Amino acid sequence: CPRIKVKEIKNRCRGKNENESEKGELVLKEDWQEYAQVINMLGNGQFKAVCFDGVKRLGHIRGKLRKKVWIKTSDIILVGHRDYQDNTADVILVYNAEEARSLEAYGELSERAKINETDTLDSGDDEIQSDDIGDDDEHIDAI
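Throughout, residues of each chain are indexed from 1 in the direction in which the sequence is written. Reporting in this predicted model follows two pLDDT cut-offs: at least 70 for local features of residues, and 80 or more for side-chain atom pairs to be given and counted; totals over whole chains, interfaces and linings ignore these cut-offs and use all residues. For side-chain calculations, the full set of non-hydrogen atoms in the structure is used, while hydrogens and water are omitted.

The chain is annotated in an unreviewed UniProt entry as S1-like domain-containing protein from Otolemur garnettii. Looking at the chain in UniProt, the text filed under Sequence similarities (unreviewed entry) is "Belongs to the eIF-1A family." UniProt positions are given in the numbering used here, feature names are shortened, and annotations may be inferred rather than shown by experiment.

What follows is the structure in structure tokens.
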């Protein structure tokens, strides 16, 4: 019986990443669907998103996409409306940056869509001034 190396076992368990190899057509929305941009992730497969019809909705990652597609803040997604809950939507598809740019070029996305932009803080406000550091030592010597 030949010995199996640990590396072979790890590679066997990993499986194949099938999502990267799929280069299909660009999926556009239908009547019951809407484009949205993720505002923040809430955990447990839920997030808040702003749909491009102007409504903020609670989004839910359906079971087929869980642990297969990773969603992060500011991603452009395609959501399906629920008939019985207007403020809740289910993720149908997550667009990567290239597909989102294509949607913008076709005029599908509104002007409010900010592709590949995240909220960044100015680094100038967080810097410590050298004058502030020496002030504490002077007060200690006076005591």
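(A) The environment of A100, seen in detail. By the criteria applied, helices consist of DSSP H or I runs no shorter than four residues and strands consist of E runs no shorter than two, each listed in order from the N terminus. Mapped onto the elements of the fold, A100 is located in helix 3 (residues 97-106). Along the chain, A100 and I76 lie 24 residues apart, while their C-alpha atoms are 6.6 Å from each other. Here, residues are in contact when the closest pair of their heavy atoms is within 4.5 Å. Leave out the neighbours within four places in its chain, and A100 touches I76, Y95, L109 and I115.

(B) Fine view of the pairing of strand 1 (residues 33-43). Inspection of the sheet shows strand 1 paired to strand 4 (residues 76-81) by five bridges, in the antiparallel sense. Residue pairing for strand 4: A36 is matched across the bridge by I77. For two strands to be treated as a pair, DSSP must find at least two bridges joining them. Sheet topology note: the strand 1/strand 2 (residues 46-51) ladder contains six bridges and is antiparallel. Within strand 2, the residue paired with N40 across the bridge is K48.

(C) Region of the structure containing the pattern of salt bridges. When a carboxyl oxygen of Asp or Glu lies within 4 Å of a side-chain nitrogen of Lys or Arg, that pair is called a salt bridge. Scanning all chains against the criterion turns up five salt bridges. For R57, the salt bridge is made with D53, and the minimal N-O distance between the two is 3.4 Å. By relative accessible area, which is 38% here, D53 ends up partly exposed. Across the salt bridge formed by R57 and D86, the nearest N and O atoms sit 3.5 Å from each other. Taken together, the residues R57 in strand 3 (residues 56-60) and D86 in the loop between strand 4 and strand 5 (88-95) connect sequence positions 29 residues apart. R57 gets classed as buried once you look at its relative accessible area, which sits at 6%. When a residue's accessible area, from a 1.4 Å probe over protein chains only, is under 20% of the maximum for its type it is buried; when over 50% it is exposed; and in between it is partly exposed.

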